[in-house]
Amino acid sequence: MPNFAYRGRDAGGQMTQGVLEGASSAAVADDLSSRGIIPLSITPAPESAARTAFSLGKLADLQLFKQKVEHIDVLMFSRQIYTLLKAGVPIMRALTGLQESSINPAMKEVIQEVRESLDSGRELSVSLARHPKVFSAFYLSMVRVGEMTGRLEEVFIRLFDHMEFESFMKQQVKSALRYPSFVITAMVGAMFIVNIFVIPVFAKVFAGFNAELPLMTRILLGFSNFMVSWWHVLIGAMAAAFFAFRSWTGTAAGKLKWDELKLGFPIAGKIIRKATLARFARSFALATKSGVPIIQALTTVAMTVDNDYIARKVENMREGVERGESILTVATKAAVFTPVVLQMIAVGEESGAVDEMMEEIAAMYQNEVQYELKTLAQQIEPILITFLGVMVLVLALGIFLPIWDLGKAAIKK
């Protein structure tokens, strides 16, 4: 049997990795779940890669155009299974109905495999863990808690609310960044067109003046000549820089640094920070309200914030709680929360209602993100207008100054 390299977290939240032998990645996922390890990734080990290269190639061809399970599929699965379980429908009948009603073939296949796994005697959390790319570690942890406490349907509706909230926040952040990204891209494109096609035409006119050109004009002509001669090198350099950036952010250290830098971006950085902390607060409230111990809750929540820098802060908070420090103390040391939020955490810890305070914090951050998005255009427009004004001024001075000087010289004659 082939070997598979795995990464996961044990019951204590510690990262663990190794190599296991198994018939498939699903079998390895079952083995890990039986040991109390939540699998994060399972890939063929290097030594077995050569033996599976051909089969993997065939699978790649088959799955190239295969429809994938989307976020909305898992969202609707959580809502529908909650409704069915609350109505008293047995889990197997519920899954059968969901499989028949699903419009995504990939989701149908996942539900079918979950049914077969349940039919063979496995628990629901273990059956879902066989699909780590579909169900996140946080999702699996919450389902496991629901099984242990007997409140599975309650966990599913909370997961639905949580995933809907996450989807909303991500869409809000994307929409916030879409407008400035489009304007900046348009400005860069305009600079390329002007320097490659427009300025060379004026250069031929200026060449007939037989006079010394202004400094700004000479700079524009030099930059235009450089772009005309080396445009392919510039495009290649930009492409190389893009792929180098993707490669850098693909590493653990690179992604950690990039996630930290994103939080410091002017205007957009504070929106990303507040949206990330809103997801953290909502996830933590969901976990603690469902009966997850605080240490385990912080471990699972670190997987949901979608920012490695904030996740590292949450991990440090977990380590502080393990040492016996209060939530307020570790939250203060994290240095990512505002004084108002810290005060709310203090009140929640003192009253024993941390989960309720975390929900209030999530709602507060969500309202702040919505307000920031509404005023985003007002914040960005002055900056973009300034850049556009400078660009137009440079072009106007460089192109029309020689024509103006030539006109004045002609009038004097």
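Please refer to the structure placed before this passage.
Presented here is an overview of the structure given in this document. Worth saying up front: this structure is predicted, and the values here are computed from it rather than measured.

### A short note on the overall build of the protein chain
Within the protein chain one finds 17 helices and 3 strands. When burial is assessed residue by residue, the protein chain has 39% of its 413 residues classed as buried. When the accessible area of the protein chain is evaluated, it comes to approximately 22,600 Å², of which 63% is carbon and sulfur surface.

### Structural notes on a nonpolar patch on the surface
A surface patch of nonpolar side chains, amounting to about 470 Å² of accessible area, comprises M191, F223, F226, W230 and V233. Ranked by residues supplied to the nonpolar patch, first place goes to helix α9 (residues 215-249) with 4 residues. Mapped onto the elements of the fold, V233 is located in helix α9. You can call V233 partly exposed: its relative accessible area is 39%.

### Considering the side chain of S127
The topology assignment puts S127 in helix α6 (residues 124-129). The exposure class of S127 is buried, given its relative accessible area of 0%.

### Some points on the packing of aromatic side chains
Each aromatic ring pair is specified by the distance between its two centres and by the angle formed by the two planes. Across all of its chains, the model carries 10 aromatic pairs by this definition. Arranged with centres 6.3 Å apart and planes meeting at 85°, the rings of F77 and F156 form a pair that is edge-to-face. In this pair, F77 sits in helix α3 (residues 71-86) while F156 sits in helix α8 (residues 152-207), placing the two residues 79 residues apart along the sequence. For the pair formed by F77 and F156, the shared burial category is buried. Ring geometry for F245 versus W248: centroids 6.2 Å apart, planes at 50°, classification tilted. With F245 and W248 both in helix α9 and 3 residues apart, the pair spans about one turn of that helix. W248 gets classed as partly exposed once you look at its relative accessible area, which sits at 35%. Every member of this aromatic cluster is reached through a ring pair, and the members are F77, F135, Y139 and F156. Here the basic side chain of R79 rests over the ring of F160, its NZ or CZ set 5.5 Å away from the ring centre.

Criteria and thresholds
- Residues numbered from 1 in each chain as written.
- Predicted model: local features only at pLDDT ≥ 70, side-chain atom pairs only at ≥ 80, totals over all residues.
- Heavy atoms only, no water.
- Helix = DSSP H or I, 4+ residues; strand = E, 2+ residues; numbered from the N terminus.
- Buried < 20%, exposed > 50% of the residue type's maximum accessible area, 1.4 Å probe, protein only.
- Areas by Shrake-Rupley, 256 points an atom, 1.4 Å probe, with all protein chains shown as cover.
- Patch = residues over 30% accessible without salt bridge, like charges linked within 9 Å, V, L, I, M, F, W, Y side chains within 5 Å.
- Salt bridge = Lys/Arg side-chain N within 4 Å of Asp/Glu carboxyl O.
- Phe/Tyr/Trp six-rings, centres within 6.5 Å; stacked < 30°, edge-to-face > 60°.
- Lys NZ or Arg CZ within 6 Å of the ring centre and 35° of its normal.

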